[in-house]
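# Geometric and topological summary
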Amino acid sequence: MLHRSSDGVSPAATPVLPAAGDVYRVIETQRVPLFASPSNGRTDSFQSSPRVDMHFFWHQRDLRIPDNRGLALAAKHGPTLPVYVVDTDLLTQIGTRQRAFLLDGVRSLKRRYRELGSDLLVRAGTPAEVLETLVSAYDADRVYYNRHYRPARRNRQRAVDDAVPTDAVTDLVLVDPERLDDRYSSHGQFYDDWQDEHKLTPFDAPDSEQLVALDDDADPPAVSADIELPPAGYPAARDRYDQFLTTGIETYNDTRDDMRRAVERPVGAVSRLSPYL
């Protein structure tokens, strides 16, 4: 939030992006409009003031803040506002249980952003149309996102690329596929090439000061499942991963196909990590 002092706004203030109205940055002790909402239009001071570019980060299946390369790079280059698009065409292609678990993960992510003083914009529609509207409404510089590789998701990404300025980031894999050959005659050749490539290192989560301070009431739709689902979201995934490393990874080779042990020791005999991947 912007913090007022007796002479204006304190130099340590965080950029604020209200649902309507102007967005400000702090230059010395003066409030300077960065972007104007469509209702207010552009002002003379906006046109003559130094500009700090604001970015959107588009979450897809990467419902996490830590070690998120696209989010980290967006925040490095300017105040960043995260967004998740509820794509109904995509949701109809998955089952009810998977849909409920996915949207529970979006809710978990939204709670975490709120703990950091920001929020996750949740909007319904096609990603290209939603992001084009948001970029225009908030005069954002561009949309960052992490590349996904399944055909349907690549098609959505191409549509977004055509609609707004974007930066696509390699995040989901250790080696960018574009650095490898399109085809390999053997797994050994692929493995050798993969081993020779530099591996991406983890990124820290952005500081709260790098995120746009915002309150947004829109939540993802609630979907009921016919069974009890595991807890969703990054914290739950991390807890399960740490539990498996502590109690199961050393014996996994011997127990992974043992159904009795999998029932007796659900996280240990097997990892139970697949819903999070």
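Structure: above.
Here's a quick rundown of the structure.

Calculation notes
Residues numbered from 1 in each chain as written. Predicted model: local features only at pLDDT ≥ 70, side-chain atom pairs only at ≥ 80, totals over all residues. Heavy atoms only, no water. 1 Å grid on protein atoms, 1.4 Å probe; cavity = no way out; pocket = protein on both sides within 12 Å on 5 of 7 lines; lining within 4 Å. Points joined across faces, edges and corners; volume = space filled by probe spheres on them. Helix = DSSP H or I, 4+ residues; strand = E, 2+ residues; numbered from the N terminus. Nonpolar A, V, L, I, M, F, W, Y, C, P; charged D, E, K, R; others polar. Patch = residues over 30% accessible without salt bridge, like charges linked within 9 Å, V, L, I, M, F, W, Y side chains within 5 Å. Areas by Shrake-Rupley, 256 points an atom, 1.4 Å probe, with all protein chains shown as cover. Salt bridge = Lys/Arg side-chain N within 4 Å of Asp/Glu carboxyl O. Lys, Arg positive; Asp, Glu negative; His and termini not counted. Charge placed at Lys NZ, Arg CZ, Asp CG, Glu CD. Buried < 20%, exposed > 50% of the residue type's maximum accessible area, 1.4 Å probe, protein only. Contact = heavy atoms within 4.5 Å. Axes fitted to C-alpha atoms, helices over the stretch in contact; angles between N-to-C directions. Parallel < 35°, antiparallel > 145°, perpendicular 65-115°, else oblique. Left-handed = near helix turned anticlockwise from the far one by under 90°.

## Digging into empty space enclosed by the protein
Evaluated as defined, the whole model comprises two cavities of 30 Å³ or more. Size it by volume and the largest cavity reaches roughly 120 Å³. In terms of lining, the largest cavity is formed by 14 residues, of which the most central are Tyr84, Val85, Asp87, Leu90 and Arg153. Mapped onto the lining of the largest cavity, the elements with two or more residues apiece are strand 5 (55-59), strand 6 (80-86), helix 3 (88-91) and helix 6 (151-163). Per-element accounting of the lining of the largest cavity gives the leading share, three residues, to strand 6.

## What to know about the layout of surface pockets
The calculated volume of the largest pocket comes to roughly 1,500 Å³. Along the wall of the largest pocket there are 40 residues; nearest its centre are Arg61, Asp62, Arg64, Tyr276 and Leu277. Elements supplying a minimum of two residues to the lining of the largest pocket: helix 4 (96-115), helix 6 and helix 8 (234-247). Ranked by residue count, the leading element in the lining of the largest pocket is helix 4, at five residues. Taken together, the residues of the lining of the largest pocket sort by class into 23 nonpolar, seven polar and 10 charged. Considered as a void within the structure, the second largest pocket measures approximately 250 Å³ in volume. When residues in the lining of the second largest pocket are grouped by element, the largest group, four residues, is from helix 6. Among the residues making up the lining of the second largest pocket, the classes are represented as four nonpolar, two polar and six charged.

## What about a negative patch on the surface?
Where like charges cluster on the molecular surface, the negative patch consists of Asp67, Asp204, Asp207 and Glu209. Look at Asp207 and you get partly exposed, because its relative accessible area is 47%.

## A closer look at helix 2 (residues 69-76)
Where burial is concerned, most of helix 2 is hidden: six out of the eight residues are buried. Residues of helix 2 that are buried: Arg69, Gly70, Leu71, Ala72, Ala74 and Ala75. Where helix 2 is buried, its residues meet strand 5, strand 6, helix 4, strand 8 (142-146) and strand 9 (166-169). Looking at the residues trailing helix 2, positive phi occurs at Gly78, about 155 degrees.

## As for the packing of helix 5 (residues 127-138) against helix 6
Between helix 5 and helix 6, whose axes approach to 8 Å, the crossing angle comes to 30 degrees. The angle between helix 5 and helix 6 places the two elements in the roughly parallel class. Note that helix 5 runs across helix 6; the crossing there is right-handed. The segment helix 5 lies against helix 6, with Pro127, Ala128, Leu131 and Glu132 engaging Arg156, Ala159, Val160 and Ala163. Tallied by class, the residues present in the contact of helix 5 with helix 6 amount to six nonpolar, no polar and two charged.

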